[in-house]
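Next come the chains, spelled out residue by residue.
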Amino acid sequence: MKQVKGGIFIAIMLLLSSCMGVQADIALNSDGSGILVLEYRFSRLLESLGKLDGNERWPPVPVGKADFERTQERVPGLRLVSFSAREDGTDRYHHVKMEFADPGVLLRFLDATGQGASLVQEQGTYRLTLTFTEGMDKADPELLALVEAVSAGYVLQITLSFPGEGSLKVYDREGRSWDTVPGMTLVPQGKQVSFIAPLGTVLTHKQGLSMEIGW
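The rules we used
- Residues numbered from 1 in each chain as written.
- Predicted model: local features only at pLDDT ≥ 70, side-chain atom pairs only at ≥ 80, totals over all residues.
- Heavy atoms only, no water.
- Pairing = 2+ DSSP bridges.
- Helix = DSSP H or I, 4+ residues; strand = E, 2+ residues; numbered from the N terminus.
- Buried < 20%, exposed > 50% of the residue type's maximum accessible area, 1.4 Å probe, protein only.
- Polar contact = N/O pair within 3.5 Å; in protein donor to acceptor, adjacent residues only side chain to side chain.
- Salt bridge = Lys/Arg side-chain N within 4 Å of Asp/Glu carboxyl O.
- Core = buried A, V, L, I, M, F, W, Y, C linked by side-chain atoms within 4.5 Å.
- Contact = heavy atoms within 4.5 Å.

(A) Focus on the pairing of strand E10 (residues 189–198). Here strand E8 (residues 155–171) runs beside E10; their pairing, made up of 9 bridges, is antiparallel. Residue pairing for E10: serine 161 is matched across the bridge by glutamine 192. Taking the residues between adjacent antiparallel strands as the criterion, strand E9 (residues 185–187) and E10 are bridged by 1 residue.

Here it is, written out as structure tokens:
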């Protein structure tokens, strides 16, 4: 059994601010390679935070093609295919397409912190676990209300396509299965699985939320 640990790029962005939404579409090939199409929408206010106090070099989220080119250099087996950006009212949209050589490369792209995800390979199968939050049951109620308010209208959407059958399940930090999270839409089985939920719900879930994807 081979296990690779990593974090999740999406989760880091979520933790940086609740003023954004993320859509990730991942298509896996039979040899383990694949394509990731990432679109994230974030408030222009969030982008401006990185420009305060001389912090232009360290924006809170990737704000240009150069950020993904640096990621490509850092992660062998990853290739940036395309990048585009547009503005709509108070929000900015980034659309990124990347190719990865195998699931381990995908994991290293999703995050390099080694804190929020793991990948297990055993007898030709893979199990990818992503942790969105450890739980907010001890958080201040006013903070939770604030996160819910500023997250309104933003969603987290993850879709994976497989060459064969795949599975997706959501569970809390105690390992209990969750298929009735308010506002969540789940396709748990098939050649394409998906998870869609309001961002505020994901960030403020009291028992924590993790996702396990198998193929």
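Okay, back to it.
(B) Quick peek at unusual backbone geometry. In this structure, glutamine 123 is a non-glycine residue whose phi angle is positive, near 50 degrees. On the secondary structure map, glutamine 123 appears in the loop between strand E6 (117–122) and strand E7 (125–133). For glutamine 123, a relative accessible area of 78% gives the class exposed.

(C) The environment of glutamate 69, seen in detail. Along the chain, glutamate 69 turns up in helix H3 (residues 65–74). Taking the relative accessible area as the measure of exposure, glutamate 69 reaches 31% and is therefore partly exposed. Sequence separation between glutamate 69 and arginine 79 is 10 residues; the distance between their C-alpha atoms is 8.4 Å.

(D) Region of interest: helix H4 (residues 103–110). H4 sits mainly inside the fold: 7 of its 8 residues count as buried. Looking at where H4 begins, the residue whose side-chain oxygen comes 2.9 Å from the main-chain nitrogen of glycine 104 is aspartate 102.

(E) Summary view of the pairing of strand E4 (residues 78–88). Bridge analysis of E4 against strand E5 (residues 91–100) gives 10 bridges, and the strand direction is antiparallel. The residue bridging serine 82 from the neighbouring strand is lysine 97, located in E5. Joining the antiparallel neighbours E4 and E5 is a turn of 2 residues, in which glycine 89 adopts a positive phi near 65 degrees.

(F) Quick look at the pattern of salt bridges. Tallied over the entire structure, the rule returns 6 salt bridges. Arginine 176 is paired through a salt bridge with aspartate 172; the nearest N and O atoms lie 2.7 Å apart. Residue classification places arginine 176 among the partly exposed residues on the basis of a relative accessible area of 47%. One salt bridge in this structure joins glutamate 174 and arginine 173, with 3.9 Å as the shortest N-O distance. Classification of glutamate 174 by relative accessible area gives exposed; the value is 56%. Beyond isolated ion pairs, a larger network of salt bridges with shared partners links Arg127, Lys169 and Glu212.

(G) Here's a closer look at the nonpolar core. One finds Leu160, Phe195 and Ile213 to be the most contacted residues of the largest nonpolar core, which totals 42 residues. Among the elements that line this core, the one with the most residues is E8, at 6 residues. Not counting chain neighbours up to four residues away, the residues in contact with isoleucine 213 comprise Tyr126, Arg127, Leu128, Leu130, Leu160, Phe162, Ser167 and Leu168.

(H) Fine view of the environment of valine 105. Looking at the secondary structure, you find valine 105 in helix H4. Taking the C-alpha atoms as reference, valine 105 lies 9.8 Å from glycine 32; in sequence the two are 73 residues apart. If sequence neighbours within four positions are ignored, valine 105 has contacts with Val75, Pro76, Gly77, Leu78 and Phe100.

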